[in-house]
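Now for the letters of each chain:
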Amino acid sequence: RAQRRGLLRRWVSLVPCRRDSSGLRQAARLFHLAGDMGHLLALHSIGDMHDLGRGCPKDHAEAARYFKLAADQGFSQAQYNIAKCYENGEGMVQDSAKAAHYYSLAADQGLATAQIDYGNCFQMGGMGVPQEFFQFCSLLQPRC
């Protein structure tokens, strides 16, 4: 098991080295393998690759699926990305309440972009969140 984890780390660290099309396809294969073994960065990265159509077909539904897998295991950037998917209805049915939920999870982990977007939910109201100016200010205060 430790040997497998070491191999995963090595794969993931090697992937960013090749940016040409064959390197991106190889990266996608390696991220899929690592993601199948539960590596959160790999799950998130393959979601990014599907979202952008780099190294694999552009597919927002597949991107959202990978973001959700990593998000539900606590990966903050994936929580932010799945919140964006829910907010904009990219790759899934639009659901403002779920978007706000995932923004809050990522914001609680200190992800600045999530804190801003979650704060904006309170500023405008909606997205399953009441309009609360003081909550909006408290979320953004550390950033000001």
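This text follows the structure it describes.
All figures in this text were calculated on a predicted structure; none of them were measured in a lab.

What follows deals with the packing of helix α5 (residues 76–88) against helix α6 (residues 96–108). It is at 8 Å that the axes of α5 and α6 come closest, and there the two elements cross at 160°. When the interaxial angle is binned, α5 and α6 end up roughly antiparallel. Crossing of α5 against α6: the hand is left-handed. Facing Ser-76, Gln-79, Tyr-80, Ile-82, Ala-83, Lys-84, Tyr-86 and Glu-87 of α5, the residues of α6 in contact are Lys-98, Ala-99, Tyr-102, Tyr-103, Leu-105 and Ala-106. Its residues assigned to classes, the contact of α5 with α6 comprises nine nonpolar, two polar and three charged.

A few words now on the pattern of salt bridges. Across all of its chains, the model carries four salt bridges by this definition. Of the charged contacts, one joins Glu-62 and Arg-65 as a salt bridge, the two residues approaching to 3.0 Å between their closest N and O atoms. With Glu-62 and Arg-65 both in helix α4 (residues 60–71) and three residues apart, this pair spans about one turn of that helix. Given a relative accessible area of 40%, Arg-65 falls into the partly exposed group.

Applying the stated criterion across every chain, the model contains two aromatic pairs. Ring plane angle 50° and centroid distance 5.7 Å describe the contact between Tyr-80 and Tyr-103, whose orientation is recorded as tilted. Of this pair, Tyr-80 sits in helix α5 while Tyr-103 sits in helix α6, and the two are 23 residues apart along the sequence. Of the two residues, Tyr-80 and Tyr-103, neither departs from the other in class, the shared state being buried. Ring centres of Tyr-86 and Tyr-102 lie 5.9 Å apart, and the angle between their planes is 10°; this geometry places the pair in the stacked category. With Tyr-86 in helix α5 and Tyr-102 in helix α6, this residue pair connects regions lying 16 residues apart in the sequence.

What counts and how
- Residues numbered from 1 in each chain as written.
- Predicted model: local features only at pLDDT ≥ 70, side-chain atom pairs only at ≥ 80, totals over all residues.
- Heavy atoms only, no water.
- Axes fitted to C-alpha atoms, helices over the stretch in contact; angles between N-to-C directions.
- Helix = DSSP H or I, 4+ residues; strand = E, 2+ residues; numbered from the N terminus.
- Parallel < 35°, antiparallel > 145°, perpendicular 65-115°, else oblique.
- Left-handed = near helix turned anticlockwise from the far one by under 90°.
- Contact = heavy atoms within 4.5 Å.
- Nonpolar A, V, L, I, M, F, W, Y, C, P; charged D, E, K, R; others polar.
- Salt bridge = Lys/Arg side-chain N within 4 Å of Asp/Glu carboxyl O.
- Buried < 20%, exposed > 50% of the residue type's maximum accessible area, 1.4 Å probe, protein only.
- Phe/Tyr/Trp six-rings, centres within 6.5 Å; stacked < 30°, edge-to-face > 60°.

As far as function goes, none of this settles anything; it's purely spatial.
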